[in-house]
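Descriptive analysis of the structure
So you can see what is in the structure, the chains are spelled out below.
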Amino acid sequence: MPAFFRLQRFCFQREDAMEKPEDLIIPKSIAIILDGNGRWAQKRNLPRAMGHKAGCETLEQTVEDCVRLGVECLTVYAFSTENWKRSALEVGALMRLLRFYMVKLIDVANRNNVKALMIGDKSRFEKDIIEGINRLEQATAGNTGMKFVFAINYGGRDELRRAFGRMLCQMKENKLSPEEISEDVISSCLDTAGLPDPDLLIRTSGELRISNFLLWQIAYSEIYITDTLWPDFNREELLKAVESYNHRERRFGGR
């Protein structure tokens, strides 16, 4: 069956009957840079906060779509260490959304047997947000399906900085010597320790940069860029990305 018709059949199935398209290799691990919420709102003459709200609703559906596809790990870039530079009004709106969706995601995750995990530095958040993150992780800790990893107050350089600090502490305690530092040791000190590196990195809104996201982990990820703004990202767009991934030859530096 041609790929186009497989895609159409997938996209127009009823939500509760959705199945994995035939003949497609599904990436085990997908990472997404969620970009374009503000532009989506501006195009509609809406406050930027409405774009972020629409983006949260898209994220809920994307989690469920990835579960149905058989993705084992979904990592999303939701709030970066650099996003604090935005206006106080926008950051405040994002924090209110974060408070709301940390609660709502418990139901979404448990309904889909999803285990939720945060990467990033939570120390900058207010106490109630930290407690909400902890509740989400604890409430879904026993789930055995897809891992949903949300990166908030996350930056790839900051993650590496903190990882190097952990290694230095181990060296001071004579638990690690310079000769023992390997790629595996570095990976074990990252926020993503124990998680698979992304097979596929998706960026929405057409921007051609990785924006300090998973700098270590995406060394050999396949990259897919779509002009679609994040709130408009849907099952069809997800399948387009997976179709593109299926046409890549992954050599990991070999021939």
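Here's a quick rundown of the structure. (Residues numbered from 1 in each chain as written. Predicted model: local features only at pLDDT ≥ 70, side-chain atom pairs only at ≥ 80, totals over all residues. Heavy atoms only, no water.)

Some details on the environment of A116
Structurally, A116 is set in strand β3 (residues 115-119). A sequence separation of 55 residues divides A116 from M171, and the C-alpha atoms of the two residues are 31 Å apart. Every residue in contact with A116, bar those within four places of it in the chain, is listed here: L136, E137, T140, F148 and F150. (Helix = DSSP H or I, 4+ residues; strand = E, 2+ residues; numbered from the N terminus. Contact = heavy atoms within 4.5 Å.)

Looking at the state of the cysteines
What the rule picks out here adds up to zero disulfides. Between C73, a cysteine without a disulfide, and C66, which holds the nearest cysteine sulfur, the sulfur-to-sulfur distance is 10 Å. (Disulfide = S-S within 2.5 Å.)

Regarding empty space enclosed by the protein
Following the criterion strictly, the structure yields one cavity of 30 Å³ or more and no others. As a volume, the largest cavity reaches approximately 50 Å³. Every residue along the wall of the largest cavity is listed here: C73, T75, T192, L195, P196, D197, P198, L214 and Q217. Grouping the amino acids of the lining of the largest cavity by side-chain chemistry returns five nonpolar, three polar and one charged. (1 Å grid on protein atoms, 1.4 Å probe; cavity = no way out; pocket = protein on both sides within 12 Å on 5 of 7 lines; lining within 4 Å. Points joined across faces, edges and corners; volume = space filled by probe spheres on them. Nonpolar A, V, L, I, M, F, W, Y, C, P; charged D, E, K, R; others polar.)

Some words on the nonpolar core
Formed by 45 residues in total, the largest nonpolar core has its most connected members in L74, M95, F125, F148, F150 and I202. Element by element, the count of residues in this core is highest for helix α4 (residues 88-111), at nine residues. Sequence-distant contacts of F148, defined by excluding residues within four places in its chain, comprise L59, V63, L74, V76, L105, V114, K115, A116 and L117. By size, the runner-up hydrophobic cluster in this structure holds 13 residues, among which are I33, Y77, Y154 and L214. (Core = buried A, V, L, I, M, F, W, Y, C linked by side-chain atoms within 4.5 Å. Buried < 20%, exposed > 50% of the residue type's maximum accessible area, 1.4 Å probe, protein only.)

Things to note about the pairing of strand β6 (residues 222-225)
Side chains E222 and Y224 of β6 all project onto a buried face; the interleaved residues I223 and I225 project onto a face where none is buried. Note: strand β5 (residues 200-203) against β6, four bridges, orientation parallel. Counted as the bridge partner of L201 is I223 from β6. (Pairing = 2+ DSSP bridges.)

Focus on unusual backbone geometry
For N45, which is not glycine, the phi torsion reads 55° and is therefore positive. Among the secondary structure elements, N45 is positioned in the loop between α2 (37-43) and α3 (48-69). Look at N45 and you get exposed, because its relative accessible area is 73%. Notably, S205 is not glycine yet its phi reads approximately 75°, a positive angle. Along the chain, S205 falls in the loop between β5 and β6. On the basis of relative accessible area, S205 is assigned to the buried category, the value being 9%.

Regarding the pattern of salt bridges
Per the stated rule, a full pass over the model turns up 21 salt bridges. A salt bridge links R39 to D35; its shortest N-O distance comes to 3.2 Å. For D35, a relative accessible area of 14% corresponds to the buried category. With its nearest N and O atoms 3.8 Å apart, the salt bridge here joins R44 to D232. In this pair, R44 is assigned in the loop between α2 and α3 and D232 in the loop between β6 and α8 (235-246), connecting sequence segments 188 residues apart. Judged by relative accessible area, R44 falls into the partly exposed class, the value being 36%. A relative accessible area of 33% means that D232 is categorised as partly exposed. (Salt bridge = Lys/Arg side-chain N within 4 Å of Asp/Glu carboxyl O.)

Interpretation in functional terms is not warranted from these geometric data alone.
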